[in-house]
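Observations on the model geometry
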Amino acid sequence: VPREPWPTWPAPPAGRWPASPTSRPIPRSRRSWAATTMCRVWFAAIGFILLAAPAFAQTAPAGRIKVVSGSAFVVRSGGTLRAEVGQSVFESDSLRTGEDGRIGITLDDDTRLSLGPSSEVRLDTFRYAPAEGSVGLAMRFLRGIAVYVSGQIAKLAPDSVRLETPSAIVGVRGTTLALQIVPE
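A brief structural summary. (Residues numbered from 1 in each chain as written. Predicted model: local features only at pLDDT ≥ 70, side-chain atom pairs only at ≥ 80, totals over all residues. Heavy atoms only, no water.)

**Description of the overall build of the protein**
Tallying secondary structure elements over the protein gives two helices and 12 strands in all. Along its sequence from the N terminus, the protein presents helices and strands in the succession α-β-β-β-β-β-β-β-β-β-α-β-β-β. Taking all 184 residues of the protein together, 30% fall into the buried category. Pairs at least 24 apart in sequence give 51% of the contacts found in the protein among residues at least 6 apart. Of the accessible surface of the protein, which amounts to about 12900 Å², a share of 59% is contributed by carbon and sulfur atoms. (Helix = DSSP H or I, 4+ residues; strand = E, 2+ residues; numbered from the N terminus. Buried < 20%, exposed > 50% of the residue type's maximum accessible area, 1.4 Å probe, protein only. Contact = heavy atoms within 4.5 Å. Areas by Shrake-Rupley, 256 points an atom, 1.4 Å probe, with all protein chains shown as cover.)

Dropping the structure here:
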């Protein structure tokens, strides 16, 4: 069976497409200037969108503050915020209490953490997406008194929980522990 040839399209008129009766032809030098300017505008717009996108992106909170008393603060991106009940806590936040402060948080996997007076802890890593197989928790206790009660991450993947102190690293396998870190 012989193949039919591809359809052929009519060739444009010599030099350019027909213009409307009211338009005048645009000189070639102005056409290239307009095209170049339009390309620059589009590239600038796309570049702006790509550069601005991370500024609008917000990571999901790791948990929430449940209890606050006295002077308690959340240190986020170099700034210090007064801790309030219901406030979100994010990965890489630090929690700090004053001499009269206490704070309690619950993470999304039901891990609970309570800090006593003059304490500081940093939430280094928090991943809780069990459907995707991505779970992990790492906290760094810097000073003071803390009580930790493990949540779902310790039950699903015990090796992925890591609690660090200035002098030791604790692997947690589903438990409750109290820590007191005394500066040297």
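**Some points on the pattern of salt bridges**
Across all of its chains, the model carries seven salt bridges by this definition. Across the pair Arg-140 and Glu-164 runs a salt bridge whose closest N-O atoms are separated by 3.4 Å. Placement of the pair is Arg-140 in strand β9 (residues 134-149) and Glu-164 in strand β10 (residues 161-164), with a sequence separation of 24 residues. With relative accessibility at 15%, the residue Glu-164 sits in the buried group. One continuous salt-bridge network, built from bridges that share partners, spans Arg-122, Asp-124, Arg-140, Arg-162 and Glu-164. (Salt bridge = Lys/Arg side-chain N within 4 Å of Asp/Glu carboxyl O.)

**As for the side chain of Thr-97**
Relative to the elements of secondary structure, Thr-97 occurs in strand β5 (residues 94-97). Here Gly-116 takes part through its backbone oxygen, which lies 2.6 Å from a polar atom of the side chain of Thr-97. Polar contacts involving the side chain of Thr-97 include one to the main-chain amide nitrogen of Ser-118, which spans 3.3 Å. Among residues more than four places away in sequence, those in contact with Thr-97 are Ser-71, Ala-72, Arg-102, Ile-103, Leu-115, Gly-116, Pro-117, Ser-118, Ser-119 and Arg-143. (Polar contact = N/O pair within 3.5 Å; in protein donor to acceptor, adjacent residues only side chain to side chain.)

**A few points about the environment of Ala-129**
Looking at the element boundaries, Ala-129 is found in strand β8 (residues 120-129). The exposure class of Ala-129 is partly exposed, given its relative accessible area of 22%. In this structure the C-alpha to C-alpha distance between Ala-129 and Asp-109, which are 20 residues apart in sequence, comes to 9.4 Å. Among all residues touching Ala-129, those that are not within four sequence positions of it are Ser-134 and Val-135.

**Focus on the pairing of β5**
The side chains of a regular strand alternate between both faces of the sheet. Pairing analysis gives four bridges linking strand β2 (residues 72-76) to β5, with the strands arranged antiparallel. Counted as the bridge partner of Phe-73 is Arg-96 from β5. Where β5 and β8 come together, three bridges link them in antiparallel fashion. Bridge pairing in β8 links Leu-95 to Val-121. (Pairing = 2+ DSSP bridges.)

**Side note on the nonpolar core**
By size, the foremost hydrophobic cluster in this structure holds 28 residues, and its most contacted members are Leu-95, Leu-107, Leu-113, Leu-123, Leu-137, Met-139 and Phe-141. Secondary structure elements with two or more residues in this core: β2, β6 (102-107), β7 (112-115), β8, β9, α2 (152-156), β10 and β12 (176-181). Leu-107 has contacts with Ala-62, Gly-63, Leu-123, Phe-126, Leu-137 and Met-139, leaving out every residue within four places of it along the chain. (Core = buried A, V, L, I, M, F, W, Y, C linked by side-chain atoms within 4.5 Å.)

**What about the environment of Val-170?**
Following the sequence through the fold, Val-170 ends up in strand β11 (residues 169-171). Here the alpha-carbon distance between Val-170 and Met-139, two residues 31 residues apart in the chain, equals 10.0 Å. Ignoring sequence-local partners within four residues, the contact set of Val-170 consists of Val-161, Arg-162, Leu-163 and Leu-177.

**Quick word on the environment of Leu-115**
Within the secondary structure, Leu-115 is located in strand β7. The sequence separation of Leu-115 and Leu-179 amounts to 64 residues, and the corresponding C-alpha distance is 9.6 Å.

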